[in-house]
Amino acid sequence: MNRITGRTGDQSLIEMSPSDSFNDESNGRHNPYTSASGSSQLGQQGIDKSTQSKDSVFFRDGVRRIDFILSYVDDKDGERKQERRREYEANLQKAGLELETEDKSESDDGKTFFLKIHAPWEVLATYADVLKIKVPFKANDIPDHSHIPMSWLSTPFRLPDLVMHPEPDYFTAAFDKDKADFFLIDDKDTFFSPSTRNRIVFYILARCPYTTEDKQKKGIKRLLSNGTYCSAFPLHDSRYYKKSRDPNCESERFSLYKHWATFLCFFKEQPLNLIRKYYGEKIGIYFAWLGFYTEMLSFAAVVGLICFLYGLMTFEENEWSKEICDENIGGQIIMCPLCDKKCGYWKLNSTCSSSWQSHLFDNVGTVFFAIFMGIWVTLFLEFWKRRQARLEYEWDLVDFEEEQQQLQLRPEYEIKCTNSRLNHITQEMEPYLPVTSKCARTCLSGATVLFWISLIIACIIGVIAYRLAVYAAFASIMKDSPTNNLHMVGSLITPQLATSVTASCINFVIIMILNLMYERVAIWITDMEIPKTHLEYENKLTVKMFLFQFVNYYSSCFYVAFFKGKFVGHPGDYVYMFGKLRNEECDPGGCLIELTTQLVIVMTGKQVWGNIQEALVPWLMNWWGSRKARNHPESLYCRWEQDHDLQSFGQLGLFYEYLEMVIQFGFITLFVASFPLAPLLALFNNIIEVRVDAWKFTTQFRRPVASKAHSIGAWQEILNGVAVLSVVTNAFIVAFTSDMIPRLVYMYAYQTNGQLSMKGYINDSLSIFSIDQIPADSRPDPEENPAWFNSSITTCRYRDYRYPPGHEQEYTHTMQFWHILAAKLAFIIIMEHVVFLVKYFVAWLIPDVPSEVKARVKRERYLVQEYLHNYEVEKLKDQLSCNTYNDCTCPPMIYPSLPTHEVLSECL
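What you see is a predicted model, and the numbers here were worked out from it, not measured in a lab.

A.B. asks: Which residues make up the overall build of the chain, and what values do they have?
C.D. replies: A count of helical and extended segments in the chain gives 28 helices and 16 strands. Within the chain, buried positions represent 53% of all 908 residues. Considering only contacts in the chain between residues 6 or more positions apart, those separated by 24 or more positions represent 78%. Just so you have it, the chain exposes about 41200 Å², and 60% of that area is on carbon and sulfur atoms.

Structural data, given as structure tokens:
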């Protein structure tokens, strides 16, 4: 749906010989016709270079728009590169593109040539037909009856209507150059938006050959990789901090920065239509999804905060913590050592502080929040489908099918696949990869992924071994540590906390290092598979990267949640890793508080590091790259040089943005039962993330090539998978990691005084062991025991449900253990079934496409058919009238005779 406004002017074309610029380059001569420093031939055309704005996005004639920029450096030993450029640019001209070169003497470093590319109307029309680009043919006359109740409340959050809706609403149809007069073409120069123009030009650049000997050697990507060109990018339309002085420039970049990319706009809505118009649908969909995800997070954050406040308000009602802290109860319970040799006996009341902390997250509110998040995830995904369907209609993506994109083969696929076969759909020969080669490549790729996942697991085992090895050292060192005397925090610094924090930090560093290494490996093995289309390439890479990141980021949390403290044995029969490292037990306050610590460190560390990396690294690199240009007057800093000094937005740039958010989505869903404040942290991060990404796109990166997408692609299925898994993990966390189920079983089945209270729970949950039965290899060294320990103490306690010494079944599990296990399994089954039932009911209840959108789509399709029919009838009448009257003059077409250009569409 395009806005048909623009400028007028005679298009005085300056033709350029394909060999002119190369003769200048190879012979060391300066061609005044192809360089901005020349004036003789330009003067003949009536163009005064001194009046041209350096911030302009037009050729020197001030008429032809620069659609793409290629830059290169004149190497002393670059004859082969010069030859490639000569052939490549000659072929670009054969395809109809017009070129203009800026000499290196005009660049800020004195070494870089800039080749400006313009696509004339004939080329744009031809490739718009090839790519089936939708363009307007009639103003939309369907009334918009949508009304938001009490809309005045949202006034402070709104942006100006011109920013939110930069284009009028039109009915659109796929462009057909044979029916050009059917479409609303008021001005050929502005009919195709700049984003559409650069998309068409890049399509040509990616398929144009650069040698006559081998037609398979083609594409700008290969020329960039072998150093023939340094960069290739479309231009921003202005500086981000002020409007362009050229009245013909839209200055949409300035509008985006002013209304979207500044942090002071964090509470404002996003100008999605302007983002889509400037950057293309693919980037527009990403920011629409990120904004919607952030909005939905606000509901989860509020409920999570309420659950946390509930834990605070019931702080004083925590009966089991009172018993632990009571000198007459917890102070009289002697606990067995937590490690061999270096850990002494200890009193239960030493864990008073950690038991109070654990209550903040391990309470009845945790169960409610786990169930709520299972439903929230479903609502988020279902409402996103509806939001996405509305965007598909508004952005003319309803008829956009993946099959249409799949017809556009990757240039790398065409080059590397030497075999051909008949396409039964197009009835044309197309390249293909033999089944044997495909299977071999897929097996090698799978083996590589498994190797790296095994490497992560090995690193996690190493971290676990670290935890087991250093715990005893921390326990020995911190026994008489000066930190124990610190006011307020002294009691909080325990060996368990020191081990958990240092292990989490080490794990985080390992995660970051493995990330940097695996990213290159994943791209390499995906390239090796030679995917057929860009869509297939992105999906393959997405799956590989997410599998790796899933194991990398979540494995440590899975260990703490489901393995730590579950397989430790009991005094006298402990379980050892590698035969000598005793498996670690949970913190006396429970494993849930350790899972919370692990989650906070990894999640917060990743988010803080990610935002610093996203914002600081591009800024520093741009600051360093433009250090020479900063010494020049602003009037001499050309638009193409400004963009050249920015960072390149690679093909996978958006992929990493999605990956970051989906990993965060996993943190707030898979383990949210252990930390109800996780959605709140994610909300604060995403409010910053939206503006950091906007600032980065607008100010630090070159303008990316516009591309279409009607959904978030493979990420939708990944989110669905994480949503299903989150129900299972949260059910297991509540059942096996928290102490909620054992407490409920005790209160309803084992309370001896007949009241529903938790009195006596601590004594009931601890088993008894005879000290003289502890093996000599496990007994603490004499110097490790506290001063109050003496020979009169004959037993110690440990967390488990086992018969005491002297019983006929001593140290075997009691019936209460099996009752608790049955209750845990029953809770998992009931919670999963209830949540899944609600999930599927909500998914069934909420249609993926709003009824209003369905009606509008049907109406628009009907009108398109009707107008096309009327157009054909009128055209037929005109032809019959012309045949009847010989003196009749038929209205000419917009371009009665198109020059013949080589159309680079052999892959279609």
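A.B. asks: Give me the lowdown on helix α14 (residues 364-394), citing residues and values where you can.
C.D. replies: End to end, α14 covers 45 Å across 31 residues, agreeing with the expected 45 Å (1.5 Å per residue, within 8%). Where α14 begins, the side chain of Asn-363 points an oxygen toward the backbone nitrogen of Gly-365, at a separation of 2.8 Å. Two residues or fewer past α14, Asp-396 is found with a positive phi of approximately 60°.

A.B. asks: An account of the side chain of Ser-231 is needed here, citing residue identities and associated values.
C.D. replies: Counting through the fold element by element, Ser-231 comes out in strand β6 (residues 231-233). In contact with Ser-231, not counting residues within four places along its chain, are Ile-69, Leu-70, Ser-71, Leu-224, His-644 and Arg-702.

A.B. asks: Give me the sheet that holds β6: which residues, what numbers.
C.D. replies: Strands sit in the order β2-β3-β1-β6 across an open sheet of 4 strands; the sheet is antiparallel. Two strands in the sheet have a free side with no partner beyond their single neighbour: β2 (98-102) and β6. Taken over all neighbouring pairs, the strand axes of this sheet differ in orientation by 20° on average, direction set aside. As judged from the 5 bridges shared by β2 and strand β3 (residues 112-118), these two strands associate in the antiparallel manner. Counted as the bridge partner of Glu-98 is His-118 from β3. Contacts from helix α3 (residues 79-94) reach β1 (68-73), β2 and β3, with the element oriented near 165° to β1. Its contacts with the sheet put helix α7 (residues 194-205) on β1 and β3, and the angle it makes with β1 is roughly 45°.

A.B. asks: Any details on the state of the cysteines? Residues and values, ideally.
C.D. replies: Following the criterion strictly, the structure yields 3 disulfides and no others. The disulfide that involves Cys-336 links it to Cys-796, with 1.9 Å between the sulfurs. Judged by the torsion about the S-S bond (85°), the Cys-336/Cys-796 disulfide is right-handed. With Cys-336 in the loop between β7 (334-335) and β8 (346-347) and Cys-796 in strand β16 (residues 795-799), this residue pair connects regions lying 460 residues apart in the sequence. For Cys-336, a relative accessible area of 4% gives the class buried.

A.B. asks: Now, about the packing of aromatic side chains: what can you tell me, with residues and values included?
C.D. replies: Taken as a whole and judged by the stated rule, the model has 69 aromatic pairs. Between Trp-452 and Phe-548 the ring centres are 6.4 Å apart and the planes differ by 70°, which places this aromatic pair in the edge-to-face class. One end of the pair, Trp-452, is in helix α17 (residues 435-477); the other, Phe-548, is in helix α19 (residues 534-562), with 96 residues separating them in the sequence. Pair check on accessibility: Trp-452 and Phe-548 agree, each one buried. Centre to centre, the rings of Phe-655 and Tyr-656 are 5.3 Å apart; their planes meet at 75°, and the pair counts as edge-to-face. In this structure Phe-655 comes out as buried when scored by relative accessible area, which is 8%. Sitting above the plane of the Trp-640 ring, Lys-116 keeps its charged end 4.5 Å from the centroid.

A.B. asks: Any chance you could break down unusual backbone geometry for me, citing the residues and the numbers?
C.D. replies: Here the phi dihedral of Lys-341 falls at roughly 65°; this positive angle occurs in a residue that is not glycine. Within the secondary structure layout, Lys-341 lies in the loop between β7 and β8. Residue Lys-341 is classed as partly exposed on the basis of its relative accessible area of 32%.

A.B. asks: Quick rundown of the packing of α19 against helix α24 (residues 714-737)? Include the residues and the values.
C.D. replies: Describing two packed helices takes the angle between their axes plus the distance from one axis to the other. Closest axis-to-axis distance for the α19/α24 pair is 13 Å, and the angle between their directions is 10°. Here α19 is positioned roughly parallel relative to α24, judged by the angle of their axes. Every residue of α24 that contacts α19 at Asn-539, Thr-542, Phe-546, Phe-550, Phe-558, Ala-561 and Phe-562 is listed here: Ala-714, Trp-715, Ile-718, Val-722, Leu-725, Thr-729, Phe-732, Ile-733 and Thr-737. Here the residues of the contact of α19 with α24 sort into 12 nonpolar, 4 polar and no charged.

A.B. asks: Pulling in residues and values, what's your account of a positive patch on the surface?
C.D. replies: On the surface, Arg-80, Lys-217, Arg-222 and Lys-416 cluster together to form a positively charged patch. Here Arg-80 shows up in helix α3. Look at Arg-80 and you get exposed, because its relative accessible area is 63%.

A.B. asks: Outline the nonpolar core, supporting the account with residue identities and numerical values.
C.D. replies: Core analysis: the biggest nonpolar cluster contains 143 residues, and Trp-289, Tyr-293, Trp-376, Phe-380, Phe-667 and Trp-715 have the highest contact counts within it. Top contributing element to this core by residue count: helix α11 (residues 281-313), with 16 residues. Aside from chain neighbours lying at most four places away, what touches Phe-667 is Tyr-553, Tyr-554, Cys-557, Leu-599, Val-602, Met-603, Lys-606 and Val-672. Within the second largest apolar cluster, 48 residues are counted, among which are Leu-92, Ile-133, Val-135 and Ala-173.

A.B. asks: Would you mind going over the pattern of salt bridges in detail, with residue names and values included?
C.D. replies: If you walk through the whole model with that rule in mind, you get 32 salt bridges. We note a salt bridge from Lys-277 to Glu-252, for which the minimum N-O separation is 2.1 Å. With a gap of 25 residues between them, Lys-277 in helix α10 (residues 272-279) and Glu-252 in helix α9 (residues 252-259) connect regions that are remote in the sequence. Note on accessibility: Lys-277 and Glu-252 belong to one class, buried.

A.B. asks: Run through helix α18 (residues 495-529), naming residues and quoting values.
C.D. replies: A rise of 1.5 Å per residue sets the reference length of α18, with its 35 residues, at 51 Å; its end C-alpha atoms lie 49 Å apart and thus fit the reference within 8%. Its maximal kink placed at Tyr-518, α18 deviates by approximately 25°. Backbone geometry just downstream of α18 places Ile-530 in the positive-phi region, at approximately 55°.

A.B. asks: Give a detailed account of a nonpolar patch on the surface, specifying residues and quantitative values.
C.D. replies: A cluster of nonpolar residues, Val-608, Ile-612, Leu-616, Trp-619, Leu-620, Trp-623 and Trp-624, forms a patch on the protein surface that exposes about 710 Å² of accessible area. Summarising the element assignment, Leu-616 is placed in helix α20 (residues 591-625). What makes Leu-616 partly exposed here is its relative accessible area of 42%.

A.B. asks: Before we move on, could you go through the environment of Leu-592 and cite the residues and values that matter?
C.D. replies: Within the secondary structure layout, Leu-592 lies in helix α20. Expressed as a C-alpha distance, the spacing of Leu-592 and Phe-361, which sit 231 residues apart in the sequence, is 7.8 Å. Here Leu-592 is in contact with Phe-361, Asp-362, Ser-674, Ile-733, Thr-737 and Ser-738, once residues within four sequence places are set aside.

A.B. asks: Requested: an account of the packing of α11 against helix α22 (residues 653-670), with residues and values cited.
C.D. replies: The N-to-C vectors of α11 and α22 enclose an angle of 20°; their axes lie 11 Å apart at closest approach. Of the possible angle classes, the one that applies to α11 and α22 is roughly parallel. Two packed elements cross with a definite hand, and for α11 against α22 that hand is left-handed. Judged by residue contacts, Lys-282, Ile-283, Ile-285, Tyr-286, Trp-289, Leu-290, Tyr-293 and Leu-297 of α11 engage Leu-654, Glu-657, Tyr-658, Met-661, Gln-664, Phe-665 and Ile-668 from α22. When the residues that make up the contact of α11 with α22 are grouped by side-chain class, the tally is 12 nonpolar, 1 polar and 2 charged.

A.B. asks: Run through the pairing of strand β15 (residues 766-770), naming residues and quoting values.
C.D. replies: In terms of burial, β15 is a largely internal element, 4 of the 5 residues being buried. Both β15 and β16 contribute to a ladder of 5 bridges, which runs antiparallel. Across the sheet, residue Phe-769 finds its bridge partner in β16, namely Cys-796.

A.B. asks: Quick rundown of the side chain of Lys-696? Include the residues and the values.
C.D. replies: Following the sequence through the fold, Lys-696 ends up in helix α23 (residues 678-700). Here the side chain of Lys-696 touches Glu-657 through a polar contact of 2.5 Å, side chain to side chain.

A.B. asks: Summarise the environment of Pro-804; cite the residues concerned and give the values.
C.D. replies: Its location among the elements puts Pro-804 in the loop between β16 and α27 (815-845). Classification of Pro-804 as partly exposed rests on a relative accessible area of 35%. Along the chain, Pro-804 and Thr-814 lie 10 residues apart, while their C-alpha atoms are 9.7 Å from each other. In contact with Pro-804, other than residues within four places in its own chain, are Ile-768 and Glu-810.

Calculation rules
Residues numbered from 1 in each chain as written. Predicted model: local features only at pLDDT ≥ 70, side-chain atom pairs only at ≥ 80, totals over all residues. Heavy atoms only, no water. Helix = DSSP H or I, 4+ residues; strand = E, 2+ residues; numbered from the N terminus. Buried < 20%, exposed > 50% of the residue type's maximum accessible area, 1.4 Å probe, protein only. Contact = heavy atoms within 4.5 Å. Areas by Shrake-Rupley, 256 points an atom, 1.4 Å probe, with all protein chains shown as cover. Expected span 1.5 Å × (residues − 1). Polar contact = N/O pair within 3.5 Å; in protein donor to acceptor, adjacent residues only side chain to side chain. Pairing = 2+ DSSP bridges. Axes fitted to C-alpha atoms, helices over the stretch in contact; angles between N-to-C directions. Disulfide = S-S within 2.5 Å. Phe/Tyr/Trp six-rings, centres within 6.5 Å; stacked < 30°, edge-to-face > 60°. Lys NZ or Arg CZ within 6 Å of the ring centre and 35° of its normal. Parallel < 35°, antiparallel > 145°, perpendicular 65-115°, else oblique. Nonpolar A, V, L, I, M, F, W, Y, C, P; charged D, E, K, R; others polar. Patch = residues over 30% accessible without salt bridge, like charges linked within 9 Å, V, L, I, M, F, W, Y side chains within 5 Å. Salt bridge = Lys/Arg side-chain N within 4 Å of Asp/Glu carboxyl O. Lys, Arg positive; Asp, Glu negative; His and termini not counted. Charge placed at Lys NZ, Arg CZ, Asp CG, Glu CD. Core = buried A, V, L, I, M, F, W, Y, C linked by side-chain atoms within 4.5 Å. Bend = angle between axes of the 7 residues up to and from the residue. Left-handed = near helix turned anticlockwise from the far one by under 90°.

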